[in-house]
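Chain by chain, the residues run as shown.
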Amino acid sequence: MAHFAKLNSSNIVVQVETVSNSIATTEKAGVDFLNNLYKTNDVWKQTSYNTADGEHKLGGTPFRKNYAGIDFTYDESRDAFIPPKTYPSMILNETTCNWEYLIPKPTLTQEQIDNNNFYVWDEEKQNWDLIEP
């Protein structure tokens, strides 16, 4: 199956649709099918269900960096779908087109894992807090 993301005028994904590969033999064929189906002239971009972080999960060619989801932004200059930013302090990784924290998440020790501890990002402090339930 082929997947297509409908973009609004700000290049924000507002809908994702699936089209049979027998219909979407090319991106244009899939776009034409959807606009015919909905009787519109919307902007659709094909997206790959198997692409995340700029890599294809099955070893194929990655397509537009990430599978598009609602509220993702399509960046034309990067030809990439970029997810919404969770925190203002996050920075865009140009390779994956995903947002990253300023400081990498610490690794839990086995004891912390056994005690069900976890880390959460504190935007105010811009650091990770260890949560010990």
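See the structure above.
A.B. asks: I tried to follow the pattern of salt bridges on my own but got confused; where do I start?
C.D. replies: Proximity of charged atoms lets side chains of opposite charge pair with each other. Within this structure, the stated rule accounts for eight salt bridges. Across the pair D32 and K28 runs a salt bridge whose closest N-O atoms are separated by 2.7 Å. Residue D32 and its partner K28 are located together in helix α1 (residues 27-38), separated by four residues, close to a single helical turn. Between R78 and D75 there is a salt bridge, with its nearest N and O atoms 2.5 Å apart. Of the residues examined, R78 reaches a relative accessible area of 32% and is grouped as partly exposed. By sharing partners, the salt bridges in this structure join E27, R64 and D79 into a single network.

A.B. asks: I tried to follow the packing of aromatic side chains on my own but got confused; where do I start?
C.D. replies: Each aromatic ring pair is specified by the distance between its two centres and by the angle formed by the two planes. Here the structure, examined in full by the defined rule, presents seven aromatic pairs. Taking the centre distance of 6.3 Å and the plane angle of 15 degrees together, the rings of Y38 and W44 count as stacked. An angle of 80 degrees between the planes, with centres 5.3 Å apart, marks the rings of Y49 and Y67 as edge-to-face. Residue Y49 is located in the loop between β3 (43-47) and β4 (51-52), and its partner Y67 is located in the loop between β5 (55-56) and β6 (73-75); the two are separated by 18 residues in the primary sequence. Classification of Y67 by relative accessible area gives partly exposed; the value is 24%. Taken together, Y87, Y101, W121 and W128 form an aromatic cluster joined through their ring pairs.

Rules used throughout
Residues numbered from 1 in each chain as written. Predicted model: local features only at pLDDT ≥ 70, side-chain atom pairs only at ≥ 80, totals over all residues. Heavy atoms only, no water. Salt bridge = Lys/Arg side-chain N within 4 Å of Asp/Glu carboxyl O. Helix = DSSP H or I, 4+ residues; strand = E, 2+ residues; numbered from the N terminus. Buried < 20%, exposed > 50% of the residue type's maximum accessible area, 1.4 Å probe, protein only. Phe/Tyr/Trp six-rings, centres within 6.5 Å; stacked < 30°, edge-to-face > 60°.

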